[in-house]
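Structure at a glance
For reference, the chains in residue letters:
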Amino acid sequence: MTSLDGTAPATANLLRQGLRNIGDMIRIEPKRFAIGAFGAMVNTATTLFVSYVIGWVVGQVAVPAYENGEVAVGAVAIGVAALLGTSVLRFASMCARRIGAGAMMFQVQAHWRRQVTRRYLALPVSWHQKHPTGTLLSNANADVEAATRPLAPLPFAVGTIFMIIVAMGVFVTIDWAIALVAVCMFPVLFTLNAVFATKAAPRAKRAQELRAEVSAVGHESFDGALVVKAMGRETAETERFTASTEELRDAMIGVGRLRAAFEPAIAGLPELGTLLALLVGLARFETGAMTLEELVMVSFMFSVLAFPIRAIGWVLGDLPTSVVGRRRIDHVLAAAGDMEYGENAPEHDGRAAKLEFDSVAYAYPDGTEAIRDVSFTVKAGRTVALVGATGSGKSTLASLSARLTDPTAGAVRIDGVDVRELTHPHLAATCSLVQQIPFIFDDTVRSNLALNRPGIDDTRIWAALADAGADKFVGDLEDGLDTEVGERGTTLSGGQRQRLTLARALAGQPRLLVLDDATSAVDPKVESQILSGLKHSSDAASVLVVAYRRATIALADEVVFLDGGRITARGTHAELLAGHQPYADLVTAYEQAEAEREFDEETTA
Amino acid sequence: MSEQTNAESNPFATLKRGLQLSPELKRGLGFTIFLAAVTALGRLVVPVSAQKVLDNGLFAEAGPNAAYVITVIALGAVVLGITTAANFLMNRRLFIVSETALANLRRRTFRHIHDLSMLHQQSERRGALTARVTTDIDQVSQFLQQGGMVLVTSSAQIVAATVVMAIYSWQLTIAVWIVFIPVTWLIKWLQGHLAAAYTNVRVSVSKMLSAVSESVVGAGVVRAYGVGARTSARLDESIEEHRGDQLKAIRRSAVSFGAGELVYFGVNAIVVILGAFLVADGSMSVGELTAFLFLVVLFTQPVVIGTETLNEAQNAVSGWRRVLDILDTAPDVADPKDGADLPEGPVGVRFEGVRFAYPGGEEVLHGIDVDIAPNRKVAVVGETGSGKTTFAKLLTRLMDPTGGRVVLGETPLTDVKFSSLRSRVTMVPQEGFLFNGTLAYNVRFAKPELTDAEIYVAFSELGLTDWVEALPNGLETELGESGANVSVGERQLVSLVRAYVSDPDLLVLDEATSAVDPATELRLSSALDAVTRGRTTVIIAHRLSTAETSDEVLVFDAGNLVQHGPHADLVQEENSIYAGLHNSWIEQTRSS
């Protein structure tokens with residue numbers, strides 16, 4: 001888990017940041033917020049009105065009934081009608097409040113999810129490699145939820161503030177002494193809530209981080225489930241997971257202890273206030289400053305106020321988590337280093353493209369050089385094989401060709417134009433990269449091949465499948481092209497997945513095809529068919545192929561031999577075989593091994 | 001584990017099973033409920049005090065009695081203090097108990113997912129599996145800490161309010177309950193609708209997560225093919241669908257919450273009407289009626305809040321259900337009870353009429369009979385889809401055959417204790433998964449007690465010293481998530497070393513060096529041979545060079561074992577599958 005921001009949020013800042021976050025969200029969805037807040041205000045106003053009705057009922061119904069021994073039916077009817085009216089109004093306004101709050105929250109969530117995932121799509125592959133999948137998933141899900149959490153009680157809280165103002169007005173008009181009790185109680189309650197919210201901040205942040213960590217550990221472990229199983233490491237993995245889980249548990253208990261201390265106080269204070277109001281009210285009643293009706297109404301108001309005030313507490317209580325969630329969202333939204341695409345989309349006649357590496361170097365962010373000073377050209381329509389030992393930089397060259405990364409020095413050019421100047425659609429249409437590990441979308445075979453690219457119809461799909469040697473197994477699938485292949489293509493074998501990704505590349509009829517050891521699970525025969533097919537068809541593509549098989553290499557017009565990130569030899573296969581010993585050692589390894597074996601057998605015979 | 005059954009299954013059954021599987025939750029539950037009851041009692045302080053003050057303080061026969069009022073209010077404040085303390089203790093207990101229990105539940109579910117068979121694991125989305133040990137349990141915890149306690153205190157409050165109301169006026173109390181009962185039916189009916197809405201929300205959230213994970217994991221492909229627009233359209237669609245489902249759920253929830261308002265109106269109206277008559281005929285005092293009106297709030301508030309909490313409960317219960325469904329799934333490839341340990345030393349393998357079909361699929365292995373003697377090096381060859389990998393998975397008991405049996409040494413594979421099996425039999429799959437950690441961490445995954453020196457020795461025994469030394473930080477080099485910092489071939493090297501240090505008696509390599517260059521592959525292979533003495537090795541061969549140096553070769557074709565013998569013999573069999581494969585191999589590797 002990468003900590004995004006090591007410092008705990010300063011408590012003073014927290015409230016400001018939390019309120020600013022809420023302000024931002026209101027600006028995103030002002031209309032829905034207004035509906036929710038208006039509903040809440042009407043709702044709280046009716047809550048107060050109920051107090052008035054209750055006070056009126058006691059004064060106009062109960063007391064006369066007690067004094068006269070008979071019921072004033074008219075007054076009862078008025079009371080019941082008033083109760084019914086306020087109830088209907090309360091129901092309608094409550095629906096407005098809740099649906100408004102929900103609609104606002106869900107809209108804002110969707111808004112941020114769209115933004116976050118847009119960033120995921122725009123940021124370079126290198127950025128993705130630096131962030132665990134689990135963290136990125138949690139940014140788009142849990143963090144968005146955390147950031148928007150205060151929105152659910154927000155309209156309610158706004159309504160409550162409105163209600164407090166109205167109630168204060170009522171108290172002041174009734175009696176200054178009662179108003180004084182309220183003036184004392186509300187600020188204390190608010191302070192208590194604020195202190196709790198800010199104290200909980202660092203703990204909530206920690207819990208949130210740990211939750212992401214638990215998620216990352218779980219995700220990774222289930223991703224590697226086969227290895228865990230094959231090596232019988234279930235217990236060790238469970239221990240690793242348990243360690244994070246227990247940290248999370250302790251953090252949550254920490255949050256809980258704080259909550260346990262504050263919540264009862266926050267709940268109990270308004271009740272204490274009501275008792276106080278009774279006491280003061282009684283004194284004022286005796287002096288004749290207040291009527292009985294007013295006394296009942298005032299104490300009733302204190303008791304109905306107790307609950308809605310909690311809504312303010314909820315908003316404040318959610319602030320710390322929301323600030324943390326918002327920060328993590330902003331971290332994604334603010335991530336720089338987008339791969340900017342150029343404006344250039346040169347005209348072409350549909351024939352093969354020329355690929356040129358000009359003094360290219362690539363170093364990882366930590367400074368380790370993967371390749372340096374690499375220069376070579378794949379002439380239009382030619383096939384160049386990249387050969388080198390494991391770890392010599394071949395895959396890096398392949399991803400530079402398709403511009404998954406940019407070189408740290410030098411330039412990669414297609415048809416003489418720096419790839420950084422090309423538009424994304426032009427680049428994608430020109431060059432197709434087939435990676436070593438096939439990636440299959442959770443979709444149908446057809447969608448996996450077409451990817452909504454224009455001009456790819458079923459005829460072209462079947463042709464591409466045939467070229468990749470995949471037509472037979474796809475034809476055998478129950479639903480043919482409409483077969484759903486499942487998440488990451490789990491219903492297919494490794495070789496099948498690889499052939500589908502090959503077919504995907506071929507279906508786009510690229511002018512440059514980059515195969516990064518993309519045929520390791522494909523039968524050699526199929527591989528040579530693909531390559532010779534590409535070479536001899538009329539609209540031949542240029543091919544850059546990372547390969548080990550001699551037959552594949554032999555099909556290439558030129559071989560580039562990489563050693564330790566540099567080109568140490570170039571030429572035809574025959575030239576290198578004769579003139580460059582490391583190359584000869586690598587590609588004739590099998591023959592040499594066989595010869596040695598035969599020699600051993602002969603000498604021991 | 002379909003979402004449908006979740007919604008339909010009885011929430012009480014889930015709760016019961018959940019408590020069964022987390023007995024920690026039950027510990028001290030009685031005391032917690034007692035504290036909850038005391039807390040609820042605190043809510044009665046205000047109305048009772050109000051009644052006492054009005055009746056005995058204001059309308060006292062001897063005129064207003066200030067001393068009495070002060071005593072009542074002071075007493076009320078003391079009771080309030082006590083109940084607040086009870087509230088504090090209850091909350092504390094609740095957090096500690098629930099977090100402890102749920103941490104254990106997380107751990108157990110995590111372990112159980114690993115214990116499920118490979119097939120089962122693959123049938124679930126990884127994101128969904130992660131959700132089982134994270135968000136699903138989070139929901140349960142949130143519910144227990146907030147909603148659950150609210151439910152308990154609410155119920156206690158309803159009971160307490162009823163008791164006090166009955167003391168003031170039994171007639172009015174009965175009337176209140178007569179209004180209240182039909183409303184509970186209505187609430188229950190509305191809950192059913194809500195449950196369905198929340199199930200939809202869960203389904204759409206998991207769809208959305210899977211779309212997000214695709215945009216993250218498949219970032220390279222999305223870039224290379226310039227299909228960002230397609231991916232964002234899919235994302236937007238799933239995000240929007242999720243939003244729509246959430247909105248539908250909140251609408252239903254608001255309406256059913258409104259049912260609480262109905263209760264409030266109904267109860268209030270009845271109290272006003274009947275109360276007026278009761279006061280008139282002298283069977284109730286003004287103070288009692290006032291207190292009653294207060295108590296009505298106490299009575300209806302929990303109903304309103306309780307409805308709210310029941311909504312949360314729906315979510316929590318279905319989350320809990322999904323977790324329990326995992327825990328209640330018996331692993332189909334299970335560790336045998338009273339399983340046997342494998343005898344010491346190299347181990348042979350026998351397949352007796354072994355058949356295999358994937359669930360709901362056609363048979364992919366059609367009766368394999370083969371005997372592999374201890375200490376042999378066996379290559380398994382065949383075209384893609386011939387059944388080689390299935391053979392390897394059955395051999396290591398990642399799956400169980402659908403017919404026949406596999407015998408390891410003299411023990412049927414299904415009778416071998418997992419601890420013994422996994423330490424003696426190791427398989428290196430083609431896509432060897434690496435963990436986000438250092439090189440040393442990944443090697444130690446197989447054997448945690450290894451020292452750095454021992455790891456170095458392992459690398460040098462396999463002729464990989466140069467490679468390790470070329471890494472920026474040697475053994476301490478961070479390999480990145482899934483080994484992203486190194487190439488695929490290098491990942492395979494690490495996987496192989498990892499298997500090598502685990503020192504198994506039966507080593508199964510499933511095309512474990514397919515992305516490694518030929519020279520390195522041969523170096524590894526001869527290094528393995530040199531140290532393979534006393535070990536049985538089965539290699540699913542990608543390159544036929546392996547077959548040439550093996551003691552014997554198994555040739556698979558379309559799910560059948562068609563040839564078996566030493567390379568030299570098989571290659572002589574004219575027009576045989578193996579001869580064909582071998583010719584093609586020679587063509588591939590020897591053409592100038």
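Only a predicted model underlies this, so the values are computations on that prediction, with no experimental measurement involved. (Residues numbered from 1 in each chain as written. Chains lettered and ligands numbered in written order. Predicted model: local features only at pLDDT ≥ 70, side-chain atom pairs only at ≥ 80, totals over all residues. Heavy atoms only, no water.)

Points about the overall build of chain A
For chain A, the count of helices and strands is 22 helices and 10 strands. Since a compact globule built from 605 residues should have a radius of gyration of about 25 Å, the 36 Å found for chain A marks it as more spread out than a globular shape. The dimensions of chain A, computed from C-alpha atoms along their principal axes, are 125 × 50 × 45 Å. The 605 residues of chain A split such that 59% are buried. Of the contacts formed within chain A by residues at least 6 apart in sequence, a portion of 76% connects residues at least 24 apart. When the accessible surface of chain A is split by element, carbon and sulfur atoms take 56% of a total near 22700 Å². Between the mean site of the 55 positive side-chain charges and the mean site of the 68 negative ones, chain A shows a separation of 5 Å. (Helix = DSSP H or I, 4+ residues; strand = E, 2+ residues; numbered from the N terminus. Rg over C-alpha atoms; globule rule 2.2 N^0.38 Å. Buried < 20%, exposed > 50% of the residue type's maximum accessible area, 1.4 Å probe, protein only. Contact = heavy atoms within 4.5 Å. Areas by Shrake-Rupley, 256 points an atom, 1.4 Å probe, with all protein chains shown as cover. Lys, Arg positive; Asp, Glu negative; His and termini not counted. Charge placed at Lys NZ, Arg CZ, Asp CG, Glu CD.)

With respect to the packing of helix α9 (residues 170-217) of chain B against helix α11 (residues 228-280) of chain B
What describes two packed helices is the angle between their axes and the distance between those same axes. For the pair α9 of chain B and α11 of chain B, the least separation of the axes is 8 Å and the interaxial angle reads 170°. By the criterion of interaxial angle, the relationship of α9 of chain B to α11 of chain B is roughly antiparallel. (Axes fitted to C-alpha atoms, helices over the stretch in contact; angles between N-to-C directions. Parallel < 35°, antiparallel > 145°, perpendicular 65-115°, else oblique.)

With respect to the packing of helix α5 (residues 133-140) of chain A against helix α8 (residues 176-223) of chain A
Residues and elements named next belong to chain A. Closest axis-to-axis distance for the α5/α8 pair is 8 Å, and the angle between their directions is 130°. Viewed along their axes, α5 and α8 adopt a mutual orientation that is oblique. Crossing of α5 over α8 shows right-handed handedness. Contacts between α5 and α8 involve Thr133, Gly134, Leu137 and Ser138 on the former and, on the latter, Ala212, Ser215, Ala216 and His219. (Left-handed = near helix turned anticlockwise from the far one by under 90°.)

Regarding the side chain of Asn91 of chain B
With respect to the helices and strands, Asn91 of chain B occurs in helix α5 (residues 66-115). Dropping the residues within four chain positions of it, Asn91 of chain B is found in contact with Ala260, Glu263 and Pro264 of chain A.

Brief notes about the UniProt feature "transmembrane region" (unreviewed entry) in chain A
All names here are of chain A. Within the UniProt annotation, "transmembrane region" (unreviewed entry) is assigned to residues 33-59, 71-92, 151-170, 176-196 and 295-317. Span residues 71-92 is 91% helix and 0% strand, its end C-alpha atoms 32 Å apart. Regarding residues 176-196, the helix share stands at 100% and the strand share at 0%, and the terminal C-alpha atoms are separated by 31 Å. (UniProt positions renumbered as here; feature names shortened; annotations may be inferred.)

Considering the environment of His573 of chain A
Within the secondary structure, His573 of chain A is located in helix α20 (residues 573-579). Each C-alpha atom of the pair His573 of chain A and Ala556 of chain A lies 7.8 Å from the other, and the pair is 17 residues apart in sequence.

Observations regarding the packing of aromatic side chains
According to the stated counting rule, one finds 15 aromatic pairs over all chains in the structure shown. Measuring from centroid to centroid gives 6.2 Å for Phe31 of chain B and Phe34 of chain B, while their planes differ by 20°, and the two rings are stacked. Of the two residues, Phe31 of chain B and Phe34 of chain B are both situated in helix α3 (residues 29-42); the distance of 3 residues between them amounts to about one turn of the helix. An aromatic cluster is present here, built from Phe222 and Phe241 of chain A together with Phe110 of chain B joined pairwise through their rings. Looking at Arg230 of chain B, its charged tip hangs above the ring of Phe441 of chain A, at a distance of 5.2 Å from the centre. Positioned above the aromatic ring of Phe418 of chain B is the side chain of Arg422 of chain B, whose terminal nitrogen or guanidinium carbon lies 5.0 Å from the ring centre. (Phe/Tyr/Trp six-rings, centres within 6.5 Å; stacked < 30°, edge-to-face > 60°. Lys NZ or Arg CZ within 6 Å of the ring centre and 35° of its normal.)

Comments concerning the confidence of the model for chain A
Regions with low pLDDT carry predicted coordinates that are not meant to be interpreted in detail. In the predicted model, chain A carries a mean pLDDT of 85, and the fraction of residues at 70 or more is 96%. Note on residues 1-9 of chain A: pLDDT under 50 across the span, and 16 contacts to partners over four residues away in sequence or across chains. (pLDDT = per-residue confidence, 0-100.)

Quick look at a nonpolar patch on the surface
Where nonpolar side chains cluster on the molecular surface, the patch consists of Trp176, Leu180 and Val183 of chain A and spans about 330 Å² of accessible area. If you trace the backbone, Trp176 of chain A turns up in helix α8. (Patch = residues over 30% accessible without salt bridge, like charges linked within 9 Å, V, L, I, M, F, W, Y side chains within 5 Å. Salt bridge = Lys/Arg side-chain N within 4 Å of Asp/Glu carboxyl O.)

Considerations on unusual backbone geometry
Here Ser359 of chain A, not a glycine, exhibits a phi torsion of approximately 45°, which is positive. Tracing the backbone through its elements, the reader meets Ser359 of chain A in strand β1 (residues 355-363). Overall, Ser359 of chain A belongs to the partly exposed group, its relative accessible area being 33%. A positive phi angle is found at Ser482 of chain B, which is not glycine, with a value near 50°.

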